[in-house]
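Okay, here's what each chain looks like letter by letter:
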Amino acid sequence: MTTNPYSGSPFSYVAEPPVSPYAIVELMPGVRNLCEYVRLEPGERVLLMMEHTVDPVVVQAIAAAAAMRDADVRILSVPPFTPGGWDREAWLGIETAAFREADVVISGTWWGEVHTAPLFFDQIKSRSARFLSLHMTATAGALMTGGRLPAEVFYALLRRALRQLSRASSIRVTSPRGTDVTFSGLTFDPDPGALRPGDWRPFPYGGANFWPTETEGVLVVEDSTVTGVPEEPLRVTLEGNLVRKIEGGAAAEQLRRYAPGGFYMRHGLFGLNPKVRLAGGTQFEREKHAGAFYCGLDGLTDGVPVTTGPGFAHCDCQVDRPTVVVDGEVFVEEGRLLMLDEPEIREVAARFGPPEVILDDNPVMILPRRYSGAGGRPAEG
């Protein structure tokens, strides 16, 4: 029986509730932060690549904000992408041609470029466009919550986190449901701030991303992009960064079927954004919540990990309220990101409003628009 309180999270944009046309007013603080993050300049060619099922109010809000900055805006409505190369023969000629001509791409897809070769990271880096991805987050809910956090506050959190995380020899993640996994041989994404040509970033901004060379232990999956919320505990045993065993009824069979050749641990992320939703949010929102953790299993290619291209059979696995210990020091305690209480973080938050409001990690309490970063500047790492 499922007991996860977030089990009702949507499975695609078509499952998201529509919002009132007047809601566009409340989306604008988050959209303003989006435009500043992508460094949008007058006269730039902007491509909004939005799946057919994205709420039109969300598309209109982003397009209007770009137009107000005198950008040259094009809106391309595309069919929904499929996960993990499930439909890897799909023709993407129009999407890739439009991408090649844009200065800025804002992608509102559910699965999107992580799962498709023509729009994979290596293709993005070979172009001059700045690519902003709203993976599962081209929604009114995401823009009104996580999107409202000022970028400067997020980057203060990220800099502080990387000081501790990037020098760690090992990081252990545990959870009340039974996760107990240790990562070592870590490389962290430095994420220098607002976008530059060839950059890809998610929005809302959310966490510290890393790639391990060694992963040992058991991951108990609370939600995944392949299985949703499992009906019974889904246990993934890892040794030497490879998945050695998958147990847990129907969900285990679904996961094995997704990558018959096996999995390895590709990457993980520690959430840092206190305003990102938990209840009601998609998995790619919840992973960014301050104190949350997720990791990405990727399919092996001919029995070995290949990190230079899309693994296609990529499955993101969520742990909502973990405890994270970094070289013996507690970093997250039962889902509470401890650095939210540190003076250096509160000092940055105080530039925008009361720190106890800016940094409150109860995202049901939506950040008032006057504290959301109006008049701010693009964040630097």
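Figured I'd write up the structure that's included with this text. (Residues numbered from 1 in each chain as written. Predicted model: local features only at pLDDT ≥ 70, side-chain atom pairs only at ≥ 80, totals over all residues. Heavy atoms only, no water.)

A word on the nonpolar core
Among the nonpolar cores identified, the biggest contains 107 residues, and Phe270 and Phe331 are the most heavily contacted of them. Residue contributions to this core peak at ten residues, all from helix α6 (residues 151-165). Not counting chain neighbours up to four residues away, the residues in contact with Phe331 comprise Ala161, Gln164, Leu165, Phe270, Val324, Val326, Arg336, Leu337, Leu338 and Met339. (Core = buried A, V, L, I, M, F, W, Y, C linked by side-chain atoms within 4.5 Å. Buried < 20%, exposed > 50% of the residue type's maximum accessible area, 1.4 Å probe, protein only. Helix = DSSP H or I, 4+ residues; strand = E, 2+ residues; numbered from the N terminus. Contact = heavy atoms within 4.5 Å.)

Regarding the packing of aromatic side chains
When we look at a pair of aromatic rings, we describe it by the centre distance and by the angle of the planes. For the coordinates displayed, the defined rule picks out 14 aromatic pairs. Ring centres 5.3 Å apart and planes at 15 degrees place the aromatic pair Phe210 and Phe270 in the stacked group. Within this pair, whereas Phe210 is found in strand β9 (residues 207-211), its partner Phe270 is found in strand β14 (residues 263-271), the two being separated by 60 residues in sequence. Neither Phe210 nor Phe270 differs from the other in exposure class; each is buried. One aromatic cluster is present, formed by Phe183, Phe188, Phe210, Phe270, Phe293 and Phe331 through successive ring pairs. (Phe/Tyr/Trp six-rings, centres within 6.5 Å; stacked < 30°, edge-to-face > 60°.)

Structural notes on helix α2 (residues 56-68)
The end-to-end C-alpha separation of α2 is 18 Å, in line with the 18 Å expected for 13 residues at 1.5 Å each. Within the sequence span of α2, burial applies to Val57, Val58, Val59, Ala61, Ile62, Ala63, Ala65 and Ala66. Residues of α2 that are buried sit in contact with α1 (24-37), β1 (45-51), β2 (72-78), β3 (104-108) and α5 (140-144). (Expected span 1.5 Å × (residues − 1).)

Comments concerning the pairing of strand β10 (residues 214-221)
Where strand β6 (residues 180-184) meets β10, five bridges bridge the pair, whose relative direction is antiparallel. The residue bridging Asp180 from the neighbouring strand is Val218, located in β10. Bridge count for β10 against strand β12 (residues 234-239) is five bridges, and the pairing is antiparallel. Counterpart to Val220 in the pairing with β12 is Arg235. (Pairing = 2+ DSSP bridges.)

Observations concerning unusual backbone geometry
Of note, the bond from Phe203 into Pro204 is cis; its omega dihedral lies within 30 degrees of zero at -5 degrees. Although it is not a glycine, Asp302 sits at a positive phi angle of roughly 55 degrees. Topologically, Asp302 is positioned in the loop between β15 (293-299) and β16 (315-319). At Asp327, a residue that is not glycine, the phi angle is positive and equals roughly 50 degrees. As for its position among the elements, Asp327 is in the loop between β17 (323-326) and β18 (329-333).

Examining α1
For α1, with 14 residues, the first-to-last C-alpha span of 19 Å sits near the 20 Å given by 1.5 Å per residue. Along α1, the sharpest kink reaches roughly 35 degrees, centred on Gly30. Counting buried positions along α1 gives ten out of 14 residues, so the element sits mostly inside the fold. Buried within α1 we find Leu27, Pro29, Gly30, Val31, Arg32, Asn33, Leu34, Cys35, Glu36 and Tyr37. Considering only its buried residues, α1 is in contact with α2, β3, β4 (130-133), α5, α6 and β8 (200-202). Once α1 ends, the next one or two residues include Arg39, with phi positive near 55 degrees. (Bend = angle between axes of the 7 residues up to and from the residue.)

Notes on the sheet that holds β2
Sheet architecture is open: five strands sit in the order β2-β1-β3-β4-β8, paired in parallel fashion. Two strands close off the open sheet at either side, each with one partner strand: β2 and β8. Sheet twist, expressed as the average angle between the axes of neighbouring strands with direction ignored, equals 20 degrees. Bridge analysis of β1 against β3 gives five bridges, and the strand direction is parallel. Its bridge partner lying in β3, Leu48 is registered against Ile106. (Axes fitted to C-alpha atoms, helices over the stretch in contact; angles between N-to-C directions.)

Focus: the pattern of salt bridges
As enumerated under the stated definition, the model contains 23 salt bridges in all. Between Arg160 and Glu342 there is a salt bridge; the shortest N-O distance is 2.7 Å. Of this pair, Arg160 sits in helix α6 while Glu342 sits in the loop between β19 (336-337) and α9 (343-349), placing them 182 residues apart in sequence. By relative accessible area, Arg160 is classed as buried at 11%. As a salt-bridge pair, Arg277 and Glu285 come within 2.7 Å of each other at their nearest N and O atoms. Looking at Arg277, the relative accessible area reads 16%, which means it is buried. Judged by its relative accessible area of 2%, Glu285 falls in the buried class. Overlapping salt bridges bring together Asp191, Arg196, Asp199 and Arg201 as one network. (Salt bridge = Lys/Arg side-chain N within 4 Å of Asp/Glu carboxyl O.)

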